[in-house]
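Listed below, chain by chain, are the residues.
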Amino acid sequence: MTIRVVVADDQELVRSGFALILDVQEDIEVVAEVGDGAAAVTAVRELAPDVALLDIRMPELDGIEACRRITAESACRTVMLTTFDADEYVYEALHAGASGFLLKDVRRDDLVHAVRVVAAGESLLAPSVARRLIEEYTSATARPAGPALPAERLEVLTARERETLLHMARGLSNAEIAAALVVSEHTVKTHVGNVLAKLGLRDRIQAVICAYETGLITAGAVGAPSGE
């Protein structure tokens, strides 16, 4: 199956470079290269790609707003590209529905890997990385104290699913969650899938955000990062 990709960046050399790297892969086809966020949204509507690579800073419509519209209107998954590694950009992009975040100096192989991972329905950031970034941005100095979403949202979860979500927010991999709950990895995958379905979330990263914003876990309350 060929992965169809739209590349959006206002710098022609950058988007052409990314497109060239991806288009030579046997399983990837770049179906459009565009220079602004509005054009990216239009391209996704017309071409129905699997993945959109979006620069955060673009004219007409910035990448984050383009991401928000694309994820709301289609099944296309998005990866944000930027030269800025400030945590607030990561958080805003993930909150808009992005499935991943890459700096523009990403290695060739990592770019290709990112597209394949996201197209397969996974999140690009390892859970431990997502945990660290979101913890820093949701700290007391980053936003007002208190949950941004009602805790009642989690009432649809069983006790074991709620526990699984807690471990996800702490940055544990499926194998680590299985060890903590003394169950198989297959069972953990089932719990993770149920959490995403019941809460209406696209992927694991959004589940981590939800755990913070409902107050299930708070910044500074997590343990050491996972080795994943």
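Preceding this section is the structure that the text describes.
Note that the structure is predicted; figures quoted are calculated from it, not measured.

1. Let's talk about the nonpolar core
In terms of nonpolar packing, the biggest core is built from 29 residues, with Leu54, Ile70, Met80 and Phe101 touching the most fellow members. Put simply, the parts of the chain that give this core at least two residues each are β1 (3-8), β2 (28-34), α2 (37-47), β3 (51-55), α3 (63-73), α4 (87-95) and α10 (204-213). Sort the elements by how many residues they give to this core and α4 lands first, with five residues. When residues no more than four places from it in sequence are discounted, the contact partners of Leu54 are Ala8, Ala40, Gly63, Ala66, Cys67, Ile70, Thr78, Val79, Met80 and Leu81. By size, the runner-up hydrophobic cluster in this structure holds 23 residues, among which are Leu157, Met168, Ala178 and Ala207.

2. What about unusual backbone geometry?
Backbone geometry at Glu60 places phi at a positive 70 degrees, although glycine is not the residue there. Tracing the sequence through the fold places Glu60 in the loop between β3 and α3. The phi dihedral of Val182 is positive, around 55 degrees, even though this residue is not glycine. Here Val182 shows up in the loop between α8 (174-181) and α9 (185-199). The exposed category is assigned to Val182, whose relative accessible area is 72%.

3. Structural notes on the environment of Ile21
Relative to the helices and strands, Ile21 is located in helix α1 (residues 12-23). Among the residues examined, Ile21 registers a relative accessible area of 15% and is labelled buried. In this structure the C-alpha to C-alpha distance between Ile21 and Val112, which are 91 residues apart in sequence, comes to 7.7 Å. If near-sequence neighbours (up to four positions away) are discounted, Ile21 is found in contact with Arg108, Leu111 and Val112.

Conventions adopted
Residues numbered from 1 in each chain as written. Predicted model: local features only at pLDDT ≥ 70, side-chain atom pairs only at ≥ 80, totals over all residues. Heavy atoms only, no water. Core = buried A, V, L, I, M, F, W, Y, C linked by side-chain atoms within 4.5 Å. Buried < 20%, exposed > 50% of the residue type's maximum accessible area, 1.4 Å probe, protein only. Helix = DSSP H or I, 4+ residues; strand = E, 2+ residues; numbered from the N terminus. Contact = heavy atoms within 4.5 Å.

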